[in-house]
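Understanding the architecture of this molecule
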Amino acid sequence: MLKSPTKAEEDELARIEGIVKEKSIEYLKCFDLRDYLFPQIAAEQIDKKGMAEDFNTFCSQESNVLVRTCIGKIWARDKGLSFDYDSSIFANYVFWITMFAGTQRKEAFWELLSRQSQYEYILGHENGALYRGDTMNSWSTTVNEFIRVCGNDYVFGHRGRYIPADYQEWYEFLSVPENYKRDLPGYITEFMNVVYTIGNILPVPCTPSSFNKRRSSAVKDYWDLTLLAIYNYYHLAPGKNNWILEYKEWLNIFGTGQNGWDRFVECTFMNPFVYKCGDHFGPPKPLWQEHFTKNRLPRTPEQFEQFFVNAKNGILERGELIAAALKKGRICPVSL
């Protein structure tokens, strides 16, 4: 564990505490981890080959949040930098304050934090469990599919399901402003604006089989399908969701049966993503109609719009709950 933080890390924590103290709930729920973290990384890496140009493009593309996001992905994946917004110090501080029971002395935070790389961290618990941040509603799966299905109206060089020539990945192609014919629909931009805010991140257990990769292969990375697997686990109906059994130790922390599901929803602030049934929480809401019964990927413009709108609304509602808890310094009643 990180018992001896660097001066830079101590300064960052002080900055985070200042933001939480001084800013409103409305500000905190919309706080963009890209705009917080990426300039910090750029200041340390800007002299490296190609990064100054990338950063200038990032700063100039205020209206095209997808370009900005893809540039961040290039830095994280292709330019030798290990960083992820959901495993930043900021994200881990949010987890620690709002979702972890136990001591909330500043020293305890450093004792529980581990540095995986220069910019990535995992958070331990006093009970010995380890957690890493995960982005619940990811953008790449659905944005890439939107470009494959509808991209001829929005990008140059469209080739259906094939990535345009001279590019290896969709995020490389989508990081270039000149590749766009016109702006993407507003509902995509609105979703992209909140995809790296506190309402869309969650600490999940560190296990030999990465939770993120496991759900990506099992449910195409969709959070509503992940919640459905968790709901079915608590209601003893795993069906095709046997992959979730790998994480039963984590889920059992919250209890069993309906009471376990209720407590999981409450302690992870999942209220906006599930139905309310009387005094209990019901099943999760599908992110588009028939998602639980038909195709795993959206197929029509209407389904794409439903996903982006429903995910955005859920993220903002959950973000407001977490921001309110942050302002209170709430101690979670369940030890994750």
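Relevant structure appears above.
Residues numbered from 1 in each chain as written. Predicted model: local features only at pLDDT ≥ 70, side-chain atom pairs only at ≥ 80, totals over all residues. Heavy atoms only, no water.

Some points on helix 14 (residues 257–267)
- Residues Gly 260, Trp 261, Asp 262, Phe 264, Val 265 and Cys 267 constitute the buried set of helix 14.
- Tucked inside the fold, the buried residues of helix 14 contact helix 6 (89–99), helix 12 (223–234), helix 13 (248–252), strand 5 (274–277) and strand 6 (280–284).
- Among the residues trailing helix 14, Phe 269 stands out with phi positive, at a value near 60 degrees. (Buried < 20%, exposed > 50% of the residue type's maximum accessible area, 1.4 Å probe, protein only. Helix = DSSP H or I, 4+ residues; strand = E, 2+ residues; numbered from the N terminus. Contact = heavy atoms within 4.5 Å.)

As for the nonpolar core
- Judged by nonpolar contacts, the single largest core of 108 residues is most densely connected at Trp 75, Trp 139, Trp 250, Trp 261 and Phe 264.
- Leave out the neighbours within four places in its chain, and Trp 139 touches Leu 66, Thr 69, Cys 70, Lys 73, Tyr 171, Phe 191, Met 192, Val 195 and Tyr 196. (Core = buried A, V, L, I, M, F, W, Y, C linked by side-chain atoms within 4.5 Å.)

Brief notes about the packing of helix 3 (residues 33–45) against helix 4 (residues 51–60)
- Contact pair helix 3 / helix 4: the axes reach a minimum separation of 10 Å and the direction vectors enclose 155 degrees. By the criterion of interaxial angle, the relationship of helix 3 to helix 4 is roughly antiparallel. Judged by the sense of rotation from one axis to the other, the crossing of helix 3 with helix 4 is left-handed. Of helix 4, the residues touching helix 3 (which contributes Arg 34, Asp 35, Phe 38, Pro 39, Ala 42 and Gln 45) are Met 51, Phe 55 and Phe 58.
- Within the contact of helix 3 with helix 4, the residues separate by chemical class into six nonpolar, one polar and two charged. (Axes fitted to C-alpha atoms, helices over the stretch in contact; angles between N-to-C directions. Parallel < 35°, antiparallel > 145°, perpendicular 65-115°, else oblique. Left-handed = near helix turned anticlockwise from the far one by under 90°. Nonpolar A, V, L, I, M, F, W, Y, C, P; charged D, E, K, R; others polar.)

A look at unusual backbone geometry
- Phi is positive for Asp 166, which is not a glycine, with a value near 80 degrees.
- Locating Asp 166 in the fold gives a position in the loop between helix 8 (140–150) and helix 9 (170–174).
- For Asp 166, a relative accessible area of 78% gives the class exposed.
- Even without glycine at this site, Lys 220 takes up a positive phi of about 60 degrees.

Some remarks on the environment of Glu 10
- Summarising the element assignment, Glu 10 is placed in helix 1 (residues 7–22).
- Using a relative accessible area of 40% as the deciding quantity, one classes Glu 10 as partly exposed.
- Along the sequence, Glu 10 and Trp 110 sit 100 residues apart, while their C-alpha atoms lie 9.2 Å from each other.

Brief notes about the pairing of strand 3 (residues 130–135)
- Sheet topology places strand 2 (residues 121–124) next to strand 3; two bridges connect them, and they run antiparallel. Bridge pairing in strand 3 links Gly 124 to Leu 130.
- Between the end of strand 2 and the start of strand 3, which pair antiparallel, lie five residues, with Gly 128 showing a positive phi angle near 100 degrees.
- Judged from the five bridges that link them, strand 3 and strand 4 (residues 201–205) form a sheet pairing that is antiparallel. Looking across to strand 4, one finds that Thr 135 is bridged to Ile 201. (Pairing = 2+ DSSP bridges.)

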